[in-house]
Amino acid sequence: MRNSHFWESIEKKINEVHPISREEAICLMEEKDIFLLGELANRIREKKNKNFTYYNINAHLNPSNICVNSCRFCAFSRKWGAPDAYDLTLEEVIDKVKGIVTERTTELHIVGGAHPYHKLDFYTRMLSRIKQLYPKIYLKAFTATEVYQMAKISGVEVEAALKELKSSGLDCMPGGGAEIFSSRVRAKICPQKISAEQWLEIHRIAHFLGIKTNATMLYGHIETPEERVDHLLALRQLQQETGGFQAFIPLPYHPQNTSLGGRNTSGFLDLKVHAVSRIILDNFDHIKGYWVMTGIEMAQVLQSFGVDDLDGTVTEEKITHAAGAKTPSHLSEDWIRQLISSAGRIPVERDSLYNLIRQ
Amino acid sequence: MISERNQIIKILNKAENGRRILPEEAVVLFHFDDLLLLGRVANTIARGKNGKVVSYIVDRNINYTNICIGNCHFCAFSRKPDAPDAYLLTYEQIEQKVTELVNQGGTQVLFQGGLHPTLPLSWYTELIAQMKKKFPKVVWHAFSPPEILHLSRVSGLSVREVIKKLKEAGWESMPGGGAEILSETIRVKMGKTKITTQEWLDIMELCHQEEIGTTATMMFGHIESIADRVEHLHHIRSLQDRTGGFRAFIPWIFQPGNNPLGKKISYKASAFEYLKTLAISRIFLDNIRNIQGSWVTIGKKIGQLSLFFGANDLGSTMLEENVVAAAGCINQIDEKEMIYLIQEAGFIPQKRDTFYSYQKDTNVN
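Residues numbered from 1 in each chain as written. Chains lettered and ligands numbered in written order. Predicted model: local features only at pLDDT ≥ 70, side-chain atom pairs only at ≥ 80, totals over all residues.

Peer 1: Go over the overall build of chain A with me, naming the residues and quoting the values.
Peer 2: Summing up its helical and strand segments, chain A has 15 helices and 11 strands in all. Since a compact globule built from 359 residues should have a radius of gyration of about 21 Å, the 19 Å found for chain A is in line with a globular shape. Taking the principal axes of its C-alpha atoms as reference, chain A extends roughly 60 × 45 × 40 Å. Out of the 359 residues in chain A, the part that is buried amounts to 52%. (Helix = DSSP H or I, 4+ residues; strand = E, 2+ residues; numbered from the N terminus. Rg over C-alpha atoms; globule rule 2.2 N^0.38 Å. Buried ≥ 20, exposed ≤ 12 C-beta atoms within 10 Å, placed from the backbone.)

Pasting the structure below:
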């Protein structure tokens with residue numbers, strides 16, 4: 001679509017590790033030639049991660065679906081008192097953990113609703129109990145939204161809350177709650193949720209406290225290509241400042257059972273968003289293809305379009321499945337390795353901080 | 001490494017310049033994992049043949065019977081005649097289904113069934129003649145080489161006679177089913193005893209001689225090797241050189257659910273392998289105009305992406321599909337969504353008929 005001068009300029013910047021401009025990024029987000037996008041994304045991917053694709057052996061734990069927010073893209077959250085609301089006690093959480101971890105599990109991914117009354121001590125006790133039982137398992141817990149909520153109702157600053165969580169066993173944070181940073185879109189799809197500035201600030205504090213985090217972007221609903229680009233550029237800027245992000249994870253929107261409705265993302269959009277994210281976020285080490293949301297087939301193909309991480313085996317995924325995901329809620333390690341090697345890549349099991357466990 | 005890549009690029013350049021690649025060169029391509037490079041060349045070739053147009057057809061499957069004397073290890077659809085869920089549709093039931101198709105703007109009946117032990121040839125010829133009288137515009141894209149061979153055995157007529165009689169009744173086109181993998185050693189291992197490679201090819205050739213155009217398929221991702229896939233493609237290309245009777249080639253992935261062959265493999269062929277096989281098929285089959293992407297067996301997302309990897313057609317909107325669904329694969333798509341997916345990817349949607357003539361009433365949004 002663009003002339004050769006445009007592509008030469010982009011290529012030059014990629015080769016010289018210069019950031020591309022907002023205008024160039026928007027052109028990429030509107031580009032229809034998936035091979036040009038794929039080749040640029042793949043070049044960055046192979047420069048940073050060679051021919052490796054990472055995965056981990058992880059399990060998901062969602063302590064409660066009760067949430068003070070009513071985001072219109074969410075099919076998981078319930079109000080307190082709703083017939084299908086659930087709220088695990090500390091003992092139930094521990095029982096659940098015992099049920100889902102195996103000898104090979106290296107990470108627990110713990111996220112839930114922004115709970116109306118659980119204070120910080122509920123979560124710190126949760127983390128320390130789990131850590132006591134499983135000292136070797138990394139705890140990747142709580143989105144910025146949850147951290148904000150627990151700090152607020154406990155009457156402490158986010159920084160103090162994060163410090164306490166860290167000393168109780170928090171190893172790193174997931175990247176959820178970012179959605180799309182655009183205030184126009186947030187007002188329409190998640191008006192009660194923390195703002196983009198708050199999300200970024202909480203991650204900035206986490207990074208300064210030495211807590212590595214991930215970042216996400218929910219796409220394929222009502223956002224524009226420009227809004228996607230601005231989201232990515234905001235992440236790029238914070239990463240420039242802190243270096244605390246590990247992976248960026250594009251999340252395709254799932255419409256079923258949500259009040260927002262609409263359609264599922266197409267394969268074409270998935271490819272484009274992952275590839276362009278890889279090109280724009282040149283200071284992120286990893287782009288993750290989250291198979292639970294993209295679909296297993298897409299996640300595999302995305303390895304040629306910038307993705308170097310396929311998340312993990314994931315035991316018991318609930319949040320996307322509430323929104324009609326047709327993927328299984330678990331993948332065997334053998335299957336993940338197969339998806340990686342049959343795409344011509346080398347499977348590498350990693351821990352939560354991207355240390356190599358087994359090749 | 002470098003020299004291997006150079007060798008690949010040489011092969012791809014040759015194909016891109018419209019020169020034919022050798023079977024051994026196709027084998028080399030299959031061992032190459034740069035999906036982007038293969039895709040780019042396949043896409044150039046596909047666009048060279050059909051421009052930005054992506055066609056589809058509104059049709060319906062009618063599987064007239066699931067009773068089958070064959071015993072293919074990969075099939076989850078067939079039943080013995082005395083099975084409690086064995087069925088044979090009546091003319092009335094078939095007419096009802098065709099009426100529904102016509103009401104939705106459909107132009108083609110994909111008509112296939114098991115190898116029924118006793119149904120006479122006249123059941124088929126009378127049915128088609130009757131339906132053709134009632135619905136003259138509906139094309140019977142019907143049967144497959146195993147069914148034709150079976151009809152020849154049941155009727156005691158030669159294959160050519162069977163083809164002629166069906167054609168007289170109004171039959172116009174045959175799908176390429178039953179090809180699976182055209183390699184004898186693999187077919188024996190698959191329990192694919194109902195037709196040999198040579199019989200399949202001979203029947204296709206006879207159809208083409210009698211001016212019954214056909215498609216060709218390939219079912220991969222089970223126990224076949226790369227060499228077997230290339231042998232298959234080579235058979236198709238050689239026959240096409242002689243007859244020109246194949247309108248389209250349709251590779252699809254073996255579905256391992258609910259069948260004995262599925263127990264022999266751990267995982268179905270991946271999306272990556274599908275797109276790669278599709279791209280190499282486009283590159284190798286220089287004498288076939290249309291390559292069909294399959295969303296039924298691999299889902300809408302990869303179905304849409306197939307348009308960048310050599311496909312210029314997305315097959316049918318399938319009002320009814322039983323055979324693949326019986327193996328645990330359920331994907332639904334309607335015409336509106338088909339058009340959306342084609343346009344979103346930057347292509348021009350075009351409704352077609354069985355013969356790949358473009359129809360005027362494409363419901364472009």
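Peer 1: Tell me about the packing of helix α9 (residues 196-208) of chain A against helix α10 (residues 225-242) of chain A, residues and numbers included.
Peer 2: The description of two helices packed together rests on the angle between their axes and the distance between the axes. Residues and elements named next belong to chain A. Where α9 meets α10, the axes come as close as 10 Å, and the angle between the chain directions of the two elements is 25°. One way to sum up the angle between α9 and α10 is to call them roughly parallel. In terms of crossing hand, the pair formed by α9 and α10 is right-handed. Note on element contacts: α10 touches α9 through A234, L238 and T242, opposite A196, L200, H203, R204, H207 and F208. Split by residue class, the contact of α9 with α10 holds five nonpolar, three polar and one charged. (Axes fitted to C-alpha atoms, helices over the stretch in contact; angles between N-to-C directions. Parallel < 35°, antiparallel > 145°, perpendicular 65-115°, else oblique. Left-handed = near helix turned anticlockwise from the far one by under 90°. Contact = placed C-beta atoms within 7 Å. Nonpolar A, V, L, I, M, F, W, Y, C, P; charged D, E, K, R; others polar.)

Peer 1: Would you mind going over the confidence of the model for chain B in detail, with residue names and values included?
Peer 2: With 93% of its residues at a pLDDT of 70 or more, chain B shows a mean pLDDT of 90. Confidence estimates for the predicted assembly give a pTM of 0.93 and an ipTM of 0.93. (pLDDT = per-residue confidence, 0-100.)

Peer 1: Can you explain unusual backbone geometry? Please cite residues and give values.
Peer 2: Residues and elements named next belong to chain A. You will see that K50, though not glycine, has its phi angle at about 50°, which is positive. Non-glycine residue F142 carries a positive phi angle of around 65°. On the secondary structure map, F142 appears in the loop between β4 (138-141) and α6 (144-154). Assessed through the 29 C-beta atoms surrounding it within 10 Å, F142 is described here as buried.

Peer 1: So, the nonpolar core: which residues are in play, and what are the values?
Peer 2: Counting 200 residues, the largest nonpolar core has L139(A), V147(A), F248(A), I279(A), F249(B), L275(B) and I283(B) as its most contacted members. Looking at this core element by element, the count peaks at nine residues for helix α11 (residues 271-284) of chain B. In this structure, I283(B) is in contact with A15(B), I21(B), L29(B), V41(B), A42(B) and I45(B), ignoring residues within four places of it in sequence. (Core = buried A, V, L, I, M, F, W, Y, C linked by C-beta atoms within 7 Å.)

Peer 1: So what about the sheet that holds strand β1 (residues 53-57) of chain B? Which residues, and what values?
Peer 2: All names here are of chain B. Strands sit in the order β9-β1-β10 across an open sheet of three strands; the sheet is parallel. In this open sheet, the two strands that pair with only one neighbour each are β9 (313-316) and β10 (348-351). Taking each pair of neighbouring strands and ignoring which way they run, the sheet shows an average axis angle of 20°. Examined bridge by bridge, β1 and β9 share two bridges and lie parallel to one another. In the strand pairing of β9, I57 is matched with S316. (Pairing = 2+ DSSP bridges.)

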